[in-house]
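# Structural overview for review
Chain by chain, the residues:
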Protein chains: 2
Amino acid sequence: MSEFDLIASYFTWESPNKGSSPHDSIQDNSILENSAQDNSSLNRTSQIIKNVGDDAAVLSLGVEQQLVTSIDTLVSGVHFPEDTKPADIGHKALAVNLSDLAAMGAKPEWFTLALTLPEINHKWLQEFSRGLKTLADEAGIALVGGDTTSGPLTISIQVMGSVENGKALYRNGANQGDKIYVTGTLGDGAAGLASLKAKLDLKSDHLFFCQKRLNRPTPRFNESYLLKDYASACIDISDGLLQDLSHILKQSNLSNPELLVGAQVDLSSIPLSKALQSINYQQALEFALSGGDDYELLFTIPQDKETEFLKSVNSSSNVLKDSLTNDAIFKCIGTITPEEGIIDSYNNPLNPKGFNHFS
Amino acid sequence: MSEFDLIASYFTWESPNKGSSPHDSIQDNSILENSAQDNSSLNRTSQIIKNVGDDAAVLSLGVEQQLVTSIDTLVSGVHFPEDTKPADIGHKALAVNLSDLAAMGAKPEWFTLALTLPEINHKWLQEFSRGLKTLADEAGIALVGGDTTSGPLTISIQVMGSVENGKALYRNGANQGDKIYVTGTLGDGAAGLASLKAKLDLKSDHLFFCQKRLNRPTPRFNESYLLKDYASACIDISDGLLQDLSHILKQSNLSNPELLVGAQVDLSSIPLSKALQSINYQQALEFALSGGDDYELLFTIPQDKETEFLKSVNSSSNVLKDSLTNDAIFKCIGTITPEEGIIDSYNNPLNPKGFNHFS
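Residues numbered from 1 in each chain as written. Chains lettered and ligands numbered in written order. Predicted model: local features only at pLDDT ≥ 70, side-chain atom pairs only at ≥ 80, totals over all residues. Heavy atoms only, no water.

## Examining the packing of aromatic side chains
Residues and elements named next belong to chain B. Put simply, the rule is: Two rings from Phe, Tyr or Trp (for Trp, the six-membered ring) form a pair when their centres are within 6.5 Å of each other. A pair whose planes differ by under 30 degrees is stacked, one over 60 is edge-to-face, and the rest are tilted. Helical segments are the DSSP runs of H or I of at least four residues, strand segments are the runs of E of at least two, and each set is numbered from the N terminus. Three labels apply to residues, based on accessible area from a 1.4 Å probe with only protein chains included: buried if under 20% of the type maximum, exposed if over 50%, partly exposed otherwise in between.
Applying the stated criterion to the full structure yields 14 aromatic pairs over all chains. Judged by centre distance (5.3 Å) and plane angle (80°), the ring pair of Y181 and F309 falls under edge-to-face. Of this pair, Y181 sits in strand 7 (residues 179–183) while F309 sits in helix 11 (residues 303–315), and the two are 128 residues apart along the sequence. Of the residues examined, Y181 reaches a relative accessible area of 4% and is grouped as buried.

As structure tokens, this is what we get:
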């Protein structure tokens, strides 16, 4: 099987919402026709002009839109245990990237896949492709190109999203007095990994939950739509709450040197799942603060927008509850302070020690 | 050293032509100001709104432009010998991607880098970064994001380019009677690889030339600007002339089922470097037809546009000659025929046997 056959067999999907099959190109005049119908070029949305099957993909952004793009690599044995199910790998490789788009307030549009495989294993490819496609369909993101090559199992995905001009959410906008929020529950993925490594003993239902959280993180693109009009800064938690919070503080301080910001975090407000509530509290807190692999959103809401934000949250019942835990999805965990560093409610310093690939 | 320090040390470059340092964002009103100055939003060109240092990059395409994007992975020991110089790896990883943009007739704009490293080796990183940056500056392409992780040495680069709406060059437009052209000379990279594997004995100056062609391929973005207004189909030669020509034929036949196209190639016209002219002719031809790793452009020119194309070539003295060989850069090697398959001037079939990663 050649690499061309491989792409044709496993990665040539119909993307009905995005138009265009791999060998078709939407004729240029279809764009003109759309514009004519709308009678306003401002209504033009993003389109795939040329999909997989050429040297590159050709894509058209809507008028008044900016491109938001991010790349993330998953290496077998580093980012996931070697015996991880291929469908979970497919899901996670896309999920961690969609999480970056969510953190930017961007709408998922297209992605490319660079897949390095030690061998052609049809069952593996079928399952991997299924896990990837299921999440891609859910997020409304289309695969528009890729590359397959032989070597140690490595998956690089580059996602591309769109955002209205000037509406992207950055890490650098946190301001004194802003409220600090997170989505979902924290530390579950880290607990799942610890249990896989036999460093943590969990009851079977909690074990299942934490490993699902590890292998099938939920990118918060729906929640992102809701918070993006109110948040002053946003990041996704991949390296651990404290480390990612320190990124927000550092970037905010860099971009506004006249204003010093730090954070006070109320540890008792950190959202913990039933699984983490069932273990030693100190250990649970360690997973939640520094475990990483959460892919939840961490964001700040200016005080004067909080009421409006919460009103908007309460009127959007579909994203109010976590689908797995039925818990409230947005939780306030602290406040941006005018002092450097991160402290708890008793003014004790909290030291960021997130995951470092090269430590 | 953390992955954040690593990116800051080696991949935070000033990109004067593209604006924006990593921690700056071009203020939204600067775009408005530009528009106001130009007094026409049509003059707005592509811009980096947010560079490395957030969850994703934010990019703005010019009005009436489409995004052209491609991803390619280089694995150590597969795409380059393990003892390849890091600066050469940096050059090649970007060059093969720029070659895809050139094949689409796209202007290089931005790229992201996913780098998987077995260890932190500062000398290696410094050299790799230098090789990458030198070519990036030459091509006018800016690094806007990336990811570093630990694992077997793997480099994935995704390039993004721009093209005026509807002006991208595809593989599928070849038509009966079109002339077949290539840039540069073919087979040099394959000869360089064979000499590295001690399967070919070359004189030292030829050895140096062929290994340079293998490790430092020249992406033909300047040549692409010249041919894009005339070509009916284009591809870059990465898998070998015959295999890539068969891609053009296959895609052209798929997109226009009423018209059958094949190709006649005049083997005596295949451009061979002095190095390849110095070895056995059959072996040289084998390298040129099926060796791969050329990163030259293969394109078709409709008969009625050939005179105009050649006139344009002759008036552009700066891309007329290959910088290494001083040879003419564009060479006609054959014609698109109305019969299936590829034949030589004596009607003998030529069988595409390009490089297949999984054969």
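## Some thoughts on empty space enclosed by the protein
If a probe as big as a water molecule is rolled over the atoms, it shows which places are left empty. All names here are of chain A. Let me state the cut-off plainly: Of the two site types, the cavity is a set of points on a 1 Å grid over the protein atoms alone where a 1.4 Å probe fits but cannot get out, and the pocket is an open set with protein on both sides within 12 Å along at least five of seven lines, each lined by residues with an atom within 4 Å of a point. Grid points are joined across faces, edges and corners, and a volume is the space filled by probe spheres set on the points.
Across all of its chains, the model carries three cavities of 30 Å³ or more by this definition. Reported here for the largest cavity is a volume of approximately 80 Å³. For the largest cavity, the full set of lining residues is I7, F11, V52, L113, L143, G145, G146, D147 and T148. With five residues, the single largest contributor to the lining of the largest cavity is strand 5 (residues 142–150).

## Re the packing of helix 3 (residues 86–103) of chain A against helix 4 (residues 122–139) of chain A
Residues and elements named next belong to chain A. Going by this rule: Note on geometry: axes are lines fitted to C-alpha atoms, helical ones only across the stretch in contact, with angles between N-to-C directions running from 0 to 180 degrees. If you view the pair so one helix is near and one far, a crossing is left-handed when the near helix is turned anticlockwise from the far one by less than a right angle, and right-handed when it is turned clockwise. By definition, residues are in contact when any of their heavy atoms lie within 4.5 Å. Each residue is assigned to one class: nonpolar for Ala, Val, Leu, Ile, Met, Phe, Trp, Tyr, Cys and Pro, charged for Asp, Glu, Lys and Arg, and polar for all the others, Gly among them.
Viewed as axis vectors pointing N to C, helix 3 and helix 4 meet at an angle of 35°, and their least axial separation amounts to 6 Å. Crossing hand, helix 3 versus helix 4: right-handed. Here P86, A87, I89, G90, H91, L94, A95 and L98 of helix 3 come into contact with helix 4, specifically with W124, E127, F128, R130, G131, L132, L135, A136 and A139. Class assignment of the residues belonging to the contact of helix 3 with helix 4 gives a composition of twelve nonpolar, three polar and two charged.

## Quick word on the pairing of strand 5 of chain A
On a regular strand, one side chain projects to one face of the sheet and the next to the other, so that they alternate. Residue and element names in this part refer to chain A. Let me state the cut-off plainly: Any two strands between which DSSP finds at least two bridges are classified as paired. Handedness of a crossover is defined as follows: orient the strands so they point away from the viewer, and if the path from the first strand over the helix to the second runs clockwise, the crossover is right-handed.
Strand 5 sits mainly inside the fold: eight of its nine residues count as buried. Pairing of strand 4 (residues 107–117) with strand 5 involves eight bridges; the strand directions are parallel. Residue pairing for strand 5: L115 is matched across the bridge by T148. A crossover links strand 4 with its parallel partner strand 5, the connecting element being helix 4, and its sense is right-handed.

## Focus on the interface of chain A and chain B
Note the cut-off: By convention, the term buried area covers the 1.4 Å-probe accessible surface removed from two parts as they join, with the contributions of both added. Any carboxyl oxygen of Asp or Glu that lies within 4 Å of a side-chain nitrogen of Lys or Arg is treated as forming a salt bridge with it. Pairing of N or O atoms within 3.5 Å defines a polar contact, subject to two protein rules: one partner must be a possible hydrogen donor and the other a possible acceptor, and residues neighboring in sequence count only if both atoms are side-chain atoms.
Each partner contributes to the interface: chain A provides 70 residues, whereas chain B provides 70 residues. With both chains or domains summed, chain A and chain B bury close to 5,600 Å², and 54% of this area falls on carbon and sulfur atoms. Counting every contact that joins chain A to chain B gives four salt bridges. Measuring nitrogen to oxygen at the nearest pair gives 3.2 Å for the salt bridge that ties R171 of chain B to D55 of chain A. Counting the contacts that link chain A with chain B gives 16 residue pairs in polar contact (both at pLDDT 80 or more). The biggest single contributor to the side of chain A that touches chain B is strand 3 (residues 65–75) of chain A, with nine residues. Class assignment of the residues belonging to the side of chain A that touches chain B gives a composition of 31 nonpolar, 27 polar and twelve charged. Where strand 2 (residues 57–60) of chain A lies against strand 3 (residues 65–75) of chain B, three bridges are found, and the strand directions are antiparallel.

## Let's talk about the pairing of strand 10 (residues 296–301) of chain B
All names here are of chain B. Counted residue by residue, strand 10 has six buried out of six residues, so it is predominantly covered. Along strand 10, one buried face is formed by E296, L298 and T300 and the opposite face, lined by L297, F299 and I301, is buried too. In this structure, strand 7 lies alongside strand 10, joined through four bridges in antiparallel fashion. Residue pairing across strands places Y181 opposite F299, the latter belonging to strand 10.

## Description of the environment of S9 of chain A
Mapping S9 of chain A onto the fold places it in helix 1 (residues 3–10). In sequence terms S9 of chain A and I49 of chain A are 40 residues apart; their C-alpha atoms lie 22 Å from each other.

## Focus: the relation of the copies chain A and chain B
Both copies of the chain are related by one operation, a rotation about an axis with a shift along it. Counted only if it meets this: Only residues with pLDDT of at least 70 in both copies count here: their C-alpha atoms drive the least-squares fit that superposes the copies.
Turning chain A through 180° and shifting it by 0.0 Å along the axis lays it on chain B, with an RMSD of 0.0 Å. One copy is carried onto the other by what is essentially a two-fold rotation axis. A symmetric contact is evident, with 100% of the interface residues of chain A recurring at the interface of chain B.

## What to know about the sheet that holds strand 12 (residues 342–344) of chain B
Residues and elements named next belong to chain B. Taking strand neighbours across the sheet as the criterion, the six strands line up as 8-10-7-11-9-12 in an open arrangement whose pairing is mixed. Looking at which strands have only one partner, the edges of the open sheet turn out to be strand 8 (233–237) and strand 12. Going across the sheet, the axis of each strand differs from the next one's by a mean of 25°, ignoring polarity. Bridge analysis of strand 7 against strand 11 (residues 330–337) gives five bridges, and the strand direction is antiparallel. In the sheet register, V182 faces strand 11, and the bridge partner there is K331. Contacts from helix 3 (residues 86–103) reach strand 8 and strand 10 within the one sheet, and its direction differs from that of strand 8 by about 165°. Across the sheet, helix 11 is in contact with strand 7, strand 10 and strand 11; its angle to strand 10 comes to roughly 135°.

Any functional reading would require information beyond the geometric quantities listed.
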